[in-house]
There are 2 protein chains.
Amino acid sequence: MPPAFDTLDAFRGLLAALPEPNAAAVAAATARNGQLTKPPGALGRLETLAIWVAGWQGSARPTIARPQVLVFAGNHGVTAQGVSAYPAAVTAQMVANFGSGGAAINQLAGVARATLGVHALDLDLPTQDFTQGPAMTETEVVDALHLGWAAVDPACDLLAVGEMGIGNTTVAAAMAAALHGGMAADWAGRGTGVDDAGMARKTAAVTAGLARHAAILADPLEVLRCLGGREIAAMTGAILRARHLRVPVVLDGFIACAAASVLERAAPGALDHCVAGHVSAEGAHARLLAALGKPPLLDLGLRLGEGSGAALAMLVVQAAVACHSGMATFGEAGVAEG
Amino acid sequence: MPPAFDTLDAFRGLLAALPEPNAAAVAAATARNGQLTKPPGALGRLETLAIWVAGWQGSARPTIARPQVLVFAGNHGVTAQGVSAYPAAVTAQMVANFGSGGAAINQLAGVARATLGVHALDLDLPTQDFTQGPAMTETEVVDALHLGWAAVDPACDLLAVGEMGIGNTTVAAAMAAALHGGMAADWAGRGTGVDDAGMARKTAAVTAGLARHAAILADPLEVLRCLGGREIAAMTGAILRARHLRVPVVLDGFIACAAASVLERAAPGALDHCVAGHVSAEGAHARLLAALGKPPLLDLGLRLGEGSGAALAMLVVQAAVACHSGMATFGEAGVAEG
C-alpha cells in the first residue's frame, strides 16, 4: 500500500478535508438519551460523551469493543541543554519495560481492555537540539507523522495516544508557546521532576528555540518540524488518522496535547473528534486545555505520560457508552416519567 | 446465625470497636510505590489510593477481584409533602428495572465487573412522614441497618453502596442539617428535578422535620431513626460492616454520604475506610463532602444515585491497584532512577 502522504504539503491536504460527525446519529442518540430510565441530565457528562461517540461512530447505540492505546517513543537533542531529571537512556529502557508489561500503561490498558501498541522511533538518532537548528528535516517529520498514521488500527473504535521521551516536556513547552502564544515560562513545567537549576535551563532552552525559529512560528506544521520530535509527530499523525476513520480519541497530557495542537492550529475544529482525558499535574497542561477549549474528564494529579491519563479516561468513555446503549427506556421498563 | 446486633445500643457497640488499617502493609506498599518505574508521585492520586487499599487489605500488593455494588431501595412518608418530581411508585418500578438489567447501575456495575445486589426494603410500607413523627421505630431502623450489614459479601474486596427512593434527597437534606449543622436551605437541592414550588415545599418539610425532632438532633443514630429511611439505614449498616471486614468502600452521592455521616458523627474516623467516589451535581453534595473531609475522585456532573458515581469511581480504584501491584520496579525492569 502506498503511503497516505509523503510530503508535508500532502499532509496539509488531509487537514483540508476533514470528515464531520454523523448528524442523524447525533439526533437519534440525543432522542434515545431523553428516553432512558433516569431523570433528564442525571448522568451528567456521561450523556454528552455517549452522544459524541454516537456521532463519530454513526450509530445511535454506539459500542466500544476494540479500544486501542498507542504509545510512541522518541529522543531529543535538546536534552544536551540539561533540561531533564533523567538521562536520555531511560527512553529505551522504558520502551523495554512497555514490552515486558511492567509499566503503568500496561496495567491501565489492561483495565481498559485495550490493545497496546508501542512504537519506538529511531531512539538512537535523537532529533537535533532545537536551540541549534530545526529538530527534524522534512523527511524525518513526514516519516514520523506517517508512522503514527499507519499505527492506528482501522477497526478500533476508541483511541488513546501517549508518549515516552526524555526531554519532551521541554519540546512540548516550545511547541505550545509557538502555537498558542505566551512566553517560555508560561509553558515550561517540572516534567519528571527537574530541580530549580534545571528549570532555568529548560526555560532558557525554550526561549532560545523560539528565537532561533522565529521565522516559521506561524506555520503549525513547521513548528512541529523545527521544535517537535518524532514521537510527537507520530501522535499528530495518529490523531489525524483517527479523524479520517471517524474514531473518537481520548487525549492524554501536556505532550499529547501539544501534538494535537498542531492540528487544531492548522485547521480549527480538527480536534472535534477528541476529548481531553485528564488534566495533568504538569504545570501548563490546564492552560493548554483551555487554549484548546477542552474540559478534562479527570483531575487526579497524574503527570506520567505514556498515555496513562487517556487510558484511565477511556474507562469513563466506556462507561458512558455502556449506559447509553445498554439502559432501558421508560417505555421498555414500565417506569413512569417525571 | 444470630443477628450481629438487635438493638441500636448493640449497633453503638460495633461503632466503639473499629478495626484500623494494617500499618505494616501501608509501610510496605509505600516502599514499593517508591520503587515502581515512574517518577515519584507521577501517578498522583492513584498512588495514595493504592496504598490506602493496601492498608485495609493488609497486603503490600492488594488486588481487587471481587468488587460488590449494593443498591438499597426504600419509600418515604415525607413524599406526602410534595417534595419530588416523581411519584413514589417509581421506586418499585426502578427496582424492577434493576432486576431486569435496564438501569444505569446495571451497566456501570458491568463495566466495573462488580456483582450487583439489589435490596428493596418494605416498599409498600413507607416510613412515617418525618414532619409528623419519627420516620422509623427502633425495630424498623435496626432491621434496616441489619439488612445492609448482612448484604455485604464477606469475600468482597471493594464495596460501593447506592440507593433508590423517591423523596430521599429531602430525607438526606434533613439528616445532613441535623448531623452537620446549617439551615434546611443549605442542604436542600433539586433532587431528580423538582420545580421552584416543589423546592419551597422541600425546604419547608426539612425545616419542619428539624423542629419536630429538635430533642434528638445531637444523637446521630436517633437522627437516622427519626429523619432517615430504610434504604439509608441499610447503607449505614453496610458501610459499618465493610469497616469490620476491612473492605474499602467507595461512597456515592448526597444520600449515601448522609448515610455515611451517621457513622462519622457517632465515631470520628469511622469512615477512614471510605473514599468519595464523586461529587454529584445535587446541590449540597460538595458541602457534605467538605464536612466529611473527603475530596472526590470524579466530578462529572452525575446526580442519579443508584450507586452510579461510586461504581464509576470503582474503575479508578481498580486502575490504581492494577498499577501498584502490576508494575515493575526500577530494579526488575533495568530502568535508571532519576
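Our structure is the block above this text.
Remember, predicted model here, so these are calculated numbers, not experimental data.

### Quick notes on the sheet that holds strand β4 (residues 249-251) of chain A
All names here are of chain A.
Okay, so step 1: In space, the five strands of this open sheet follow the order β2-β1-β3-β4-β5, with parallel pairing throughout. Strand pairing shows two members of the sheet lacking a second neighbour, β2 (115-120) and β5 (274-276), which therefore form its edges. Averaged over all pairs of adjacent strands, the angle between their axes in this sheet comes to 25 degrees, without regard to strand direction.
Okay, so step 2: Where strand β3 (residues 158-164) and β4 come together, two bridges link them in parallel fashion.

### Describing the interface of chain A and chain B
Okay, so step 1: Of the residues lining the interface, 51 residues belong to chain A; the matching set on chain B comes to 52 residues.
Okay, so step 2: Interface of chain A and chain B: buried area, both sides summed, is about 4000 Å²; carbon and sulfur atoms make up 67% of it.
Okay, so step 3: Our count for the chain A to chain B interface comes out at zero salt bridges.
Okay, so step 4: At the boundary of chain A with chain B, the tally comes to 18 residue pairs in polar contact (both at pLDDT 80 or more).
Okay, so step 5: Elements with a contribution of two residues or more to the side of chain A that touches chain B: α3 (45-57), α4 (89-99), α5 (104-111), α14 (308-326) and α15 (330-333) of chain A.
Okay, so step 6: Take the side of chain A that touches chain B: its biggest share by element is eight residues, from α14(A).
Okay, so step 7: For the side of chain A that touches chain B, the residue count by class is 31 nonpolar, 14 polar and six charged.

### Let's talk about the pairing of strand β3 (residues 158-164) of chain B
The two faces of a sheet get side chains in turn, since along a regular strand they alternate between them.
Okay, so step 1: With seven of seven residues buried, β3(B) lies mostly within the body of the structure.
Okay, so step 2: Burial of β3(B) is two-sided: the residues L158(B), A160(B), G162(B) and M164(B) facing one way and the residues L159(B), V161(B) and E163(B) facing the other way are all buried.

### Overview of the sheet that holds strand β5 (residues 274-276) of chain B
Residue and element names in this part refer to chain B.
Okay, so step 1: The strand order across the open sheet built from five strands is β2-β1-β3-β4-β5, with neighbouring strands paired in parallel fashion. The open sheet is flanked by β2 (115-120) and β5, the only strands paired with a single partner. When strand polarity is set aside, the average angle formed by the axes of neighbouring strands in this sheet is 25 degrees.
Okay, so step 2: Pairing geometry for strand β1 (residues 67-73) and β3, over seven bridges, is parallel. The residue of β3 that forms the bridge with P67 is L158.

### Focus on the packing of α14(A) against helix α5 (residues 104-111) of chain B
Okay, so step 1: Remark: α14(A) packs on α5(B), axes separated minimally by 9 Å, with the N-to-C direction vectors making an angle of 140 degrees. If you check the angle between α14(A) and α5(B), you find them oblique. The crossing of α14(A) and α5(B) is right-handed. For the pair α14(A) and α5(B), contact is made by Q318(A), A319(A), A322(A), C323(A) and G326(A) and by A104(B), Q107(B), L108(B) and V111(B), respectively.
Okay, so step 2: Partitioned by chemical class, the residues of the contact of α14(A) with α5(B) number six nonpolar, three polar and no charged.

### A word on the pattern of salt bridges
Okay, so step 1: Inspection of every chain in the model, using the stated rule, returns 20 salt bridges over all chains.
Okay, so step 2: Between R12(B) and D219(B) there is a salt bridge, with the nearest N and O atoms lying 3.0 Å from each other. Of the two residues, R12(B) sits in helix α1 (residues 8-15) while D219(B) sits in the loop between α9 (196-212) and α10 (220-227), which places them 207 residues apart along the sequence.
Okay, so step 3: For R12(B), a relative accessible area of 30% corresponds to the partly exposed category.
Okay, so step 4: One salt bridge in this structure joins R230(B) and E140(B), with 3.4 Å as the shortest N-O distance. Taken together, the residues span a long stretch of sequence, with R230(B) in helix α11 (residues 230-245) and E140(B) in helix α6 (residues 138-151) at a distance of 90 residues.
Okay, so step 5: E140(B) gets classed as partly exposed once you look at its relative accessible area, which sits at 29%.
Okay, so step 6: Because the salt bridges share partners, they merge into one network encompassing D9(A), R12(A) and D219(A).

About the criteria used
- Residues numbered from 1 in each chain as written.
- Chains lettered and ligands numbered in written order.
- Predicted model: local features only at pLDDT ≥ 70, side-chain atom pairs only at ≥ 80, totals over all residues.
- Heavy atoms only, no water.
- Pairing = 2+ DSSP bridges.
- Helix = DSSP H or I, 4+ residues; strand = E, 2+ residues; numbered from the N terminus.
- Axes fitted to C-alpha atoms, helices over the stretch in contact; angles between N-to-C directions.
- Contact = heavy atoms within 4.5 Å.
- Buried area = accessible area lost by both parts, 1.4 Å probe.
- Salt bridge = Lys/Arg side-chain N within 4 Å of Asp/Glu carboxyl O.
- Polar contact = N/O pair within 3.5 Å; in protein donor to acceptor, adjacent residues only side chain to side chain.
- Nonpolar A, V, L, I, M, F, W, Y, C, P; charged D, E, K, R; others polar.
- Buried < 20%, exposed > 50% of the residue type's maximum accessible area, 1.4 Å probe, protein only.
- Parallel < 35°, antiparallel > 145°, perpendicular 65-115°, else oblique.
- Left-handed = near helix turned anticlockwise from the far one by under 90°.

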